[in-house]
Each structure stands twice: as structure tokens, then as C-alpha cells.
Amino acid sequence: MVNITRAADLSVVGANGACWVAPVGTTALDSPLTQPPAPWEPLGAISDDGLTYGFDEDSQEFTPWGLTSPFRTQITKSVRTFGLTVWETSRVAVQSLQYRLDPGDLEPDGTGLTKYAETASPVPDRRAFWFLVIDGDSYKGFYVPQGEISERSDVTFKQDEMSGYEWTITTYPDEAGNTVYHVDKIPATPAYSGS
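Residues numbered from 1 in each chain as written. Predicted model: local features only at pLDDT ≥ 70, side-chain atom pairs only at ≥ 80, totals over all residues. Heavy atoms only, no water.

Caption draft 1: Representation of the pairing of strand β7 (residues 165-171) within the structure. With respect to burial, β7 is a largely interior element, 5 of its 7 residues being buried. When strand β4 (residues 72-86) meets β7, the two strands line up antiparallel, connected through 6 bridges. When the bridges of β7 are listed, Gly 83 appears paired with Thr 168. When strand β6 (residues 138-152) meets β7, the two strands line up antiparallel, connected through 5 bridges. The residue bridging Gly 147 from the neighbouring strand is Thr 171, located in β7. (Buried < 20%, exposed > 50% of the residue type's maximum accessible area, 1.4 Å probe, protein only. Helix = DSSP H or I, 4+ residues; strand = E, 2+ residues; numbered from the N terminus. Pairing = 2+ DSSP bridges.)

Caption draft 2: Expanded view of the layout of surface pockets. Considered as a void within the structure, the largest pocket measures approximately 280 Å³ in volume. As for the largest pocket, its lining consists of 18 residues, and the residues nearest its centre are Gly 14, Asn 16, Gly 17, Gly 50 and Leu 51. When residues of the lining of the largest pocket are traced back to their parent elements, those giving at least two are β1 (16-23), β3 (52-62) and β5 (127-135). Here the element with the most residues in the lining of the largest pocket is β1; it accounts for 4 residues. Within the lining of the largest pocket, the residues separate by chemical class into 11 nonpolar, 6 polar and 1 charged. Quantified by volume, the second largest pocket comes out at close to 240 Å³. Taken together, 14 residues make up the lining of the second largest pocket; nearest its centre are Val 21, Ala 22, Pro 23, Pro 103 and Arg 127. Sorting the residues of the lining of the second largest pocket by element identifies β1 and α1 (92-98) as the ones contributing at least two each. The dominant element in the lining of the second largest pocket, judged by the number of residues it contributes, is β1, at 3 residues. (1 Å grid on protein atoms, 1.4 Å probe; cavity = no way out; pocket = protein on both sides within 12 Å on 5 of 7 lines; lining within 4 Å. Points joined across faces, edges and corners; volume = space filled by probe spheres on them. Nonpolar A, V, L, I, M, F, W, Y, C, P; charged D, E, K, R; others polar.)

What follows is the structure, given as C-alpha cells:
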């Protein structure tokens, strides 16, 4: 009889998590157990849909004459995205991302009013992001050295619904050619003995 190998502690349920943002060039955290220091800014509460880590890839298959199956495949596109809905829409860091503004532009005036305008000609607004997923004693950290909100959903203001900013964040390569750095604290996979 074949024994099926399973280890529940090697699976992850995104039970909790958070996201921080900082200017491009901000140093990555060396551990998912470290509280992000300034200039990292928290994005606050995230909807119960959690975080989506997306893969968008295309490839080209090469099938030689006389065969019906390819003998080589070349990756022609490889994009990583993160999707989330932030609920603390009045938080300065969140507004700064939603409207592509410098956080200093969102300082209230002497009367407590915040005034800003949305441009008809937005320019690129890349930032560094730190995403954290927590499941008990398992932590998965994702450092994005250069990311930008590439999709924004409509915003609903309704009595029985939480208003939120639903974003897709596209990652871009840094000087080393990397788009996402992973720093995890997860249980070790036990050695397989074949029994």
C-alpha cells in the first residue's frame, strides 16, 4: 500500500496580513517578523478578500517539422501583480496612491480642509511595497522594489457597503532584474524517507 505524505503545517491560509508603501529605493525588510520602520507607511485595513498574487505569463512553442508536440517553449512575457482592496480610504498613504499625489499635498490647511485635484494627464507613480501574509506561525513576506497601481476599480458610496479602493499593483524589475523578493518564515519540509 502507498502512504500518502501530507503536512498541514506546510499549507497556508491567508488568515491575516497587511501592506506598507514607501518611496522607490527604500530598503527591503530582512525578516517578515520585523515591524516596518519609517519611511514605510501602513495602508491599514484590507478587505476580507485578502491579497491576490497574480501571474500573467505568455510563451511561444516551437514544434519542429514532422512532430505534433513542441520540443521547446520560450517564455515571452512574465508579469507579477498584487491585488487588494484597501478600506481606510481617508488614510494619507492610501489617498496618495489612489490619486497619484505626494503625501505632502494631502496636508489639511489651517481650517482642517484637504484640497487636491485629479489631473487629466497622470504620470507614472512607482513606489516600493511590502506585503505580509500571516497564518499562525507562518509568515510570507513579499518586497516589491518598484510597483505601481495599474488598475483601479470604481468606488461605491452606499449605506450597506464599505467604500474601498480596489487596486491591481504591477511589479517592475529593479537594477538586478528582479520584480519580487520573498522573505518567509515557514516550517521546514521534513526529509522524505520513501515510507
